[in-house]
Structure formats: structure tokens, C-alpha cells
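Given next are the chains, with one letter for each unit.
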Amino acid sequence: MLGLTAEKVIGMPISEVLDNQAFSLHVLKSGKPIIEKEIKIKINKGQYYFRLSSVPLFDHLDEPIGVVYHFKDIRKEVEMIVNTKSFFHFDDIIYQCEEMKNLIH
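Because the structure is predicted, anything quoted here is derived from the model rather than measured.

Enquirer: Help me out: how do you make sense of the overall build of the protein in this one?
Expert: From N to C terminus, the protein includes five helices and three strands. Secondary structure elements in the protein, listed N-terminal to C-terminal, are α-α-α-β-β-β-α-α. Counting the 105 residues in the protein, one finds 22% classified as buried. In the protein, once contacts between residues fewer than 6 apart in sequence are set aside, the share between residues at least 24 apart is 35%. Total accessible area on the protein stands at roughly 8500 Å², and carbon and sulfur atoms take up 57% of it.

Written out as C-alpha cells, the structure reads:
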């Protein structure tokens, strides 16, 4: 989904993989999950849109030791919103005063 191979990212800090997104360390430090946050990640020359959920992993002492990320690709949803055109016309404007009527005409 990110256009990266496992060989390229294994051993890299998550902040480098995810374009220095602040949420990666926030979840680990706070121990609180992030659910369905919409994010944009720049990788190489592309931009990727996701809904991200990240859940901390805890050790036997209940200390956060890692984070599991779940990405949902929302490119199609974003494209639909961006490419949507308005189909409104001046005839659709509701008005009451004469000045507005003259302005619309």
C-alpha cells in the first residue's frame, strides 16, 4: 500500500517510513490508541491517503513496548470527493428581497 518493500523498511524508524508523522510516537508514549485518523503520507514523489488506526502493545508490566498500525486506503474516497462537481444554477437560489432577485438576474 505504501509502495515500499519489506527489505527497505525493516530496521527503519517508523517516523522515517511515515514521513515524520507525530502520531507514531504519541501512541507509544501515551499508551492510547488512535482510531481511524485520516492521514496523508508522502513517499518518494507520491502522496497516499489512509485511515490509520494504531494500537499500542504492552509488556507483562503493562508498559507500552510497540505499536501495531492498520492502514485503510481511501484514495478512491478522496478521488470521489475531489472530482465531484456542483450542479447548482442561479435558478436554485432561494431569495425573498428584490435586491437579491436583481443580483441573480
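Enquirer: What's the story with unusual backbone geometry in this structure? I'm lost.
Expert: In most cases, non-glycine residues show a negative phi, while peptide bonds are predominantly trans. At E36, a residue that is not glycine, the phi angle is positive and equals roughly 55 degrees. The topology assignment puts E36 in strand β1 (residues 34-43).

Enquirer: Looking at this structure, how should I read the packing of aromatic side chains?
Expert: Aromatic ring pairs are described here by two measures, namely the spacing of the ring centres and the angle between the planes. Applying the stated criterion to the full structure yields two aromatic pairs. Where F50 meets F71, the ring centres are 5.2 Å apart and the plane angle is 70 degrees; that geometry is what we call edge-to-face. Placement of F50 in strand β2 (residues 46-58) and of F71 in strand β3 (residues 64-73) is noted, with a sequence separation of 21 residues between them. Taking relative accessible area as the criterion, F50 reaches 1% and is therefore assigned buried. Considering the side-chain rings of Y69 and F71, the 6.3 Å spacing of their centres and the 25 degrees angle between planes classify their relative orientation as stacked.

Enquirer: Help me understand the pairing of β3 in this model?
Expert: Remark: a regular strand shows side chains that alternate across the two faces of the sheet. Here nine bridges tie β2 to β3, and the two strands are oriented antiparallel to one another. Note that in β3 the partner of L52 across the bridge is F71. Remark: five residues form the turn of the hairpin made by β2 and β3, two consecutive strands paired antiparallel; D62 in that turn has positive phi of roughly 65 degrees.

Enquirer: Is there a simple way to think about the pattern of salt bridges in this case?
Expert: For side chains bearing opposite charge, pairing can occur when the charged atoms are close. For the structure shown, the criterion picks out two salt bridges. Residue R51 pairs with E38 through a salt bridge whose shortest N-O separation is 3.5 Å. Residue R51 is located in strand β2, and its partner E38 is located in strand β1; the two are separated by 13 residues in the primary sequence. Note on E38: relative accessible area 54%, which makes it exposed. Connected through shared salt-bridge partners, E36, E38 and R51 make up one network.

Enquirer: Before we go on, may I ask you to explain the nonpolar core in this structure?
Expert: Across soluble globular proteins, nonpolar side chains show a tendency to be buried alongside one another. Within the largest apolar cluster, nine residues are counted, these being L2, V17, L18, I39, I41, Y48, F50, L52 and F71. Every element with two or more residues in this core is listed here: β1 and β2.

Enquirer: So what exactly am I meant to see when it comes to the side chain of S53 here?
Expert: With respect to the helices and strands, the residue S53 is situated in strand β2. Looking at S53, the relative accessible area reads 12%, which means it is buried. A distance of 3.0 Å separates the side chain of S53 from the backbone nitrogen of E36, its partner in a polar contact. Apart from the residues within four sequence positions on either side, S53 is in contact with I34, I35, E36, V68, Y69 and H70.

Procedures and definitions
Residues numbered from 1 in each chain as written. Predicted model: local features only at pLDDT ≥ 70, side-chain atom pairs only at ≥ 80, totals over all residues. Heavy atoms only, no water. Helix = DSSP H or I, 4+ residues; strand = E, 2+ residues; numbered from the N terminus. Buried < 20%, exposed > 50% of the residue type's maximum accessible area, 1.4 Å probe, protein only. Contact = heavy atoms within 4.5 Å. Areas by Shrake-Rupley, 256 points an atom, 1.4 Å probe, with all protein chains shown as cover. Phe/Tyr/Trp six-rings, centres within 6.5 Å; stacked < 30°, edge-to-face > 60°. Pairing = 2+ DSSP bridges. Salt bridge = Lys/Arg side-chain N within 4 Å of Asp/Glu carboxyl O. Core = buried A, V, L, I, M, F, W, Y, C linked by side-chain atoms within 4.5 Å. Polar contact = N/O pair within 3.5 Å; in protein donor to acceptor, adjacent residues only side chain to side chain.

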